[in-house]
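An overview of the molecular structure
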Amino acid sequence: MTTRLVVGLDGHASGERALDFAVTQARLIGDCDLVVAYVIEWSPFSFHSAEENAQRHKRREEEISTVMSRVIDPAVKKLEKLGIKATGVVRHGDVADTLNAIAKQQKAAQIIVARSSEGGFSSRIFGSSTFNLVKGADLPVTVVQ
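Note that the coordinates shown come from a computational prediction; the quantities given were computed from them, not determined experimentally. (Residues numbered from 1 in each chain as written. Predicted model: local features only at pLDDT ≥ 70, side-chain atom pairs only at ≥ 80, totals over all residues. Heavy atoms only, no water.)

**Regarding helix α3 (residues 95-105)**
The criterion, for reference: When accessible area is computed with a 1.4 Å probe and restricted to protein chains, residues below 20% of their type maximum are described as buried, those above 50% as exposed, and intermediate ones as partly exposed. Numbering of helices and strands runs from the N terminus; a helix is a DSSP stretch of H or I covering at least four residues, while a strand is a stretch of E covering at least two. Polar contacts, as used here, are pairs of N or O atoms within 3.5 Å; protein pairs need one atom able to donate a hydrogen and one able to accept it. Residues neighboring in sequence count only if both atoms are side-chain atoms.
Turning to α3, its buried residues are Val95, Ala96, Thr98, Leu99, Asn100, Ile102 and Ala103. A distance of 3.3 Å separates the backbone nitrogen of Ala96 from a side-chain oxygen at the start of α3, and that oxygen is part of Asp94. Immediately downstream of α3, the backbone of Lys107 shows phi near 55 degrees, a positive value.

Right, dumping it as structure tokens:
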């Protein structure tokens, strides 16, 4: 039976460290595939007009496309070159809750994330999100320095 690991990426070197750790784990496990995930912090609890909602939807789709091309697709290609089966996913939402939901949906054995990000906005999100993920996850979480 294949073991699946979810790796939370942030588009910075900290996410690369999490990915490198996941590669090591996948090789040790043997029959293992990786799901690389990026969560764009977004709250559905804002009140907007119909026009603002349409613009927001378009902006969300653009954000997903940008993250796929700049972060997820290169990570999946890197993993495939290393001989590791991988898929990628981008979602909007609360980082901790969404990573946990992705891991449950994918029937993952573990979530791997970096302790914090080196980027300004991402740093604020991922630092506290890592804590929230560890505190509330439904499966084991490995936090990489």
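**With respect to the nonpolar core**
The following threshold applies: Put simply, buried Ala, Val, Leu, Ile, Met, Phe, Trp, Tyr and Cys residues joined by side-chain atoms within 4.5 Å make one nonpolar core.
Counting residues in hydrophobic clusters, the biggest one holds 24 residues, and the most contacted among them are Val7, Leu9, Leu34, Val36, Ile72 and Leu79. Listed by contribution, the elements that provide at least two residues to this core are β1 (3-8), α1 (13-29), β2 (32-41), α2 (50-81) and β3 (85-93). With six residues, the top contributor of residues to this core is α2. Judged by nonpolar contacts, the second largest core, of 15 residues, contains Val6, Ala37, Ala108 and Val113.

**Structural notes on the side chain of Asn100**
Rules: By definition, residues are in contact when any of their heavy atoms lie within 4.5 Å.
Relative to the helices and strands, Asn100 is located in helix α3. Take Asn100: its relative accessible area is 9%, and that puts it in the buried class. Aside from chain neighbours lying at most four places away, what touches Asn100 is Ile111, Leu133, Gly136, Ala137, Asp138 and Leu139.

**Some words on the confidence of the model for the chain**
Caution is warranted with low-pLDDT regions, since their predicted coordinates should not be read in detail. Quick reminder of the rule: Per residue, pLDDT captures the predictor's confidence, and it can take any value from 0 to 100.
Residue-level pLDDT values for the chain average 89, and 88% of them are 70 or greater. Ranking the elements of the chain by mean pLDDT puts helix α4 (residues 120-136) last with 70 and β1 first with 98. pLDDT under 50 marks residues 120-126. Its contacts with residues more than four places away, or in other chains, come to 15 contacts.

**Describing the sheet that holds strand β4 (residues 110-114)**
Convention followed: Only strands joined by at least two bridges in the DSSP assignment are considered to pair. Where helices are involved, their axes are fitted lines through C-alpha atoms of the stretch in contact, as for all axes, and angles between N-to-C directions lie from 0 to 180°.
One open sheet accounts for five strands, arranged β3-β2-β1-β4-β5; its pairing is parallel. Here the strands that pair on one side only, and so sit at the sheet edges, are β3 and β5 (141-144). Each strand axis lies, on average, 25 degrees off the axis of its neighbour in the sheet, ignoring direction. Sitting on the sheet, α2 is in contact with β2 and β3, with an inclination near 160 degrees to β3.

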